[in-house]
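Now for the letters of each chain:
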Amino acid sequence: MAHPRTEQTLVIVKPDGIQRALIGEIMKRYERIGLKLVGLKMLVPTEEMIERHYLLDPDWKKNVGEKAIASYIQKGEIPPSNDPIAVANSVVERLKEYMTSGPVIAMVWEGAHAVELVRKITGGTEPRSAGIGTIRGDFVLDSYSMSDSDNRAIRNLIHASGSVAEAQMEIPHWFTASEIVRYRVPHEATLYDQDIRSILS
Ligand code: ADP
Ligand code: MG
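Residues numbered from 1 in each chain as written. Chains lettered and ligands numbered in written order. Predicted model: local features only at pLDDT ≥ 70, side-chain atom pairs only at ≥ 80, totals over all residues. Heavy atoms only, no water.

Participant: It is not clear to me how the layout of surface pockets should be interpreted in this structure. Could you clarify?
Facilitator: The gaps left among the atoms become clear once a water-sized probe is rolled over them. Taken as a whole, the largest pocket spans an internal volume of roughly 700 Å³. Surrounding the largest pocket, 38 residues form its lining, Trp60, Val64, Lys67, Val91 and Thr125 being those nearest its centre. Grouping the amino acids of the lining of the largest pocket by side-chain chemistry returns 19 nonpolar, 9 polar and 10 charged. Size it by volume and the second largest pocket reaches roughly 260 Å³. Considered class by class, the residues forming the lining of the second largest pocket number 4 nonpolar, 2 polar and 6 charged. (1 Å grid on protein atoms, 1.4 Å probe; cavity = no way out; pocket = protein on both sides within 12 Å on 5 of 7 lines; lining within 4 Å. Points joined across faces, edges and corners; volume = space filled by probe spheres on them. Nonpolar A, V, L, I, M, F, W, Y, C, P; charged D, E, K, R; others polar.)

Given below as structure tokens:
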């Protein structure tokens, strides 16, 4: 089995993240925890790329719909629809508009627990309820209710793979194998080497 330090995850700084001048702030957060940037590009995605990206996981529609409905119920509000697939279909259309509205930055970050740690640092889907200290919680204020009433996608600055399986499907969708760079940085020895005695040698 591959060592955990080789786990990779996809991050996309969405168009609003670039408009808000948050590229450096976002990258800093993943870099400072010890993750390593191994892929990077800027592009304006096509609608087809976005649709395919979100439909890579066959369960995504059900999950995104259920999450939105649960958020309404938890706040004591009435969801716009009780059918998760209907909610998800409308989200896909709104995402195509949002994600093709300007340049994005796609990145691959590598390191132990990369998927889980990037999600933790990024915060929950809805900025309104995302935790304090997370990027979405600290830098933006959107909500399900506001994006629904304005008929648009939630603006939450970042995409981050939701699971290792999702990352493994998403990375090849955005990067060719030769665009992922293998290299070492010195602090990996401190993070991962079993033998730390070399400090005093
Ligand atoms: P995450 O990006 O946190 O993994 P999802 O995969 O569930 O979230 O959804 C993908 C993206 O679609 C979200 O980041 C957000 O921009 C948008 N989105 C999700 N649910 C809704 C919704 N109910 N209404 C509007 N936009 C949504
Ligand atoms: Mg997701």
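Participant: Would you mind showing me how to read the packing of helix α3 (residues 47-54) against helix α5 (residues 84-99) here?
Facilitator: Axis separation between α3 and α5 bottoms out at 9 Å; the angle between their running directions is 135°. When the axis of α3 is compared with that of α5, the two are oblique. Relative to α5, α3 is oriented so that their crossing is right-handed. In this structure, α3 contributes Glu47, Ile50, Glu51 and Tyr54 to the contact, and α5 contributes Val92, Leu95, Lys96 and Met99. (Axes fitted to C-alpha atoms, helices over the stretch in contact; angles between N-to-C directions. Helix = DSSP H or I, 4+ residues; strand = E, 2+ residues; numbered from the N terminus. Parallel < 35°, antiparallel > 145°, perpendicular 65-115°, else oblique. Left-handed = near helix turned anticlockwise from the far one by under 90°. Contact = heavy atoms within 4.5 Å.)

Participant: Where do I start with the site of ligand 1 in this structure?
Facilitator: Ligand 1 sits among 19 residues. The nearest are Trp60, Arg119, Thr125, Ile154 and Asn156. The side chain of Arg136 places a nitrogen or oxygen atom 3.0 Å from an oxygen atom of ligand 1. One of the backbone nitrogen or oxygen atoms of Ile154 is found 2.8 Å away from an oxygen atom of ligand 1. When ligand 1 sits alone it has 530 Å² of accessible area, and the protein chains cover 97% of it. The cavity that encloses ligand 1 is the largest pocket. Among the secondary structure elements, those contributing two or more residues to the shell around ligand 1 are α4 (60-74), α5 and α8 (144-149). Here the residues of the shell around ligand 1 are counted per class, giving 10 nonpolar, 3 polar and 6 charged. (Near = heavy atom within 4 Å. Polar contact = N/O pair within 3.5 Å; in protein donor to acceptor, adjacent residues only side chain to side chain. Areas by Shrake-Rupley, 256 points an atom, 1.4 Å probe, with all protein chains shown as cover. Sits in = over half its atoms within 2 Å of the grid points.)

Participant: It is not clear to me how the sheet that holds strand β1 (residues 8-13) should be interpreted in this structure. Could you clarify?
Facilitator: Hydrogen bonds between backbone groups are what pair the strands of a sheet, and the pairing can be parallel or antiparallel. Read across the open sheet, the 4 strands follow the order β2-β3-β1-β4; overall the sheet is antiparallel. The open sheet has two free edges, formed respectively by β2 (36-43) and β4 (158-160), since each of these has just one partner strand. Sheet twist, expressed as the average angle between the axes of neighbouring strands with direction ignored, equals 15°. When β2 meets strand β3 (residues 104-110), the two strands line up antiparallel, connected through 7 bridges. Within β3, the residue paired with Lys41 across the bridge is Ala106. Packed onto the sheet, helix α9 (residues 164-174) meets β1, β2, β3 and β4 and runs at close to 55° relative to β1. (Pairing = 2+ DSSP bridges.)

Participant: Any chance you could explain the environment of Met27 here in plain terms?
Facilitator: Locating Met27 in the fold gives a position in helix α2 (residues 23-32). Of the residues examined, Met27 reaches a relative accessible area of 19% and is grouped as buried. For the pair Met27 and Val13, spaced 14 residues apart in sequence, the C-alpha separation works out to 9.2 Å. Once you skip the residues sitting within four places of it in the chain, Met27 turns out to touch Leu37, Leu40, Met107 and Trp109. (Buried < 20%, exposed > 50% of the residue type's maximum accessible area, 1.4 Å probe, protein only.)

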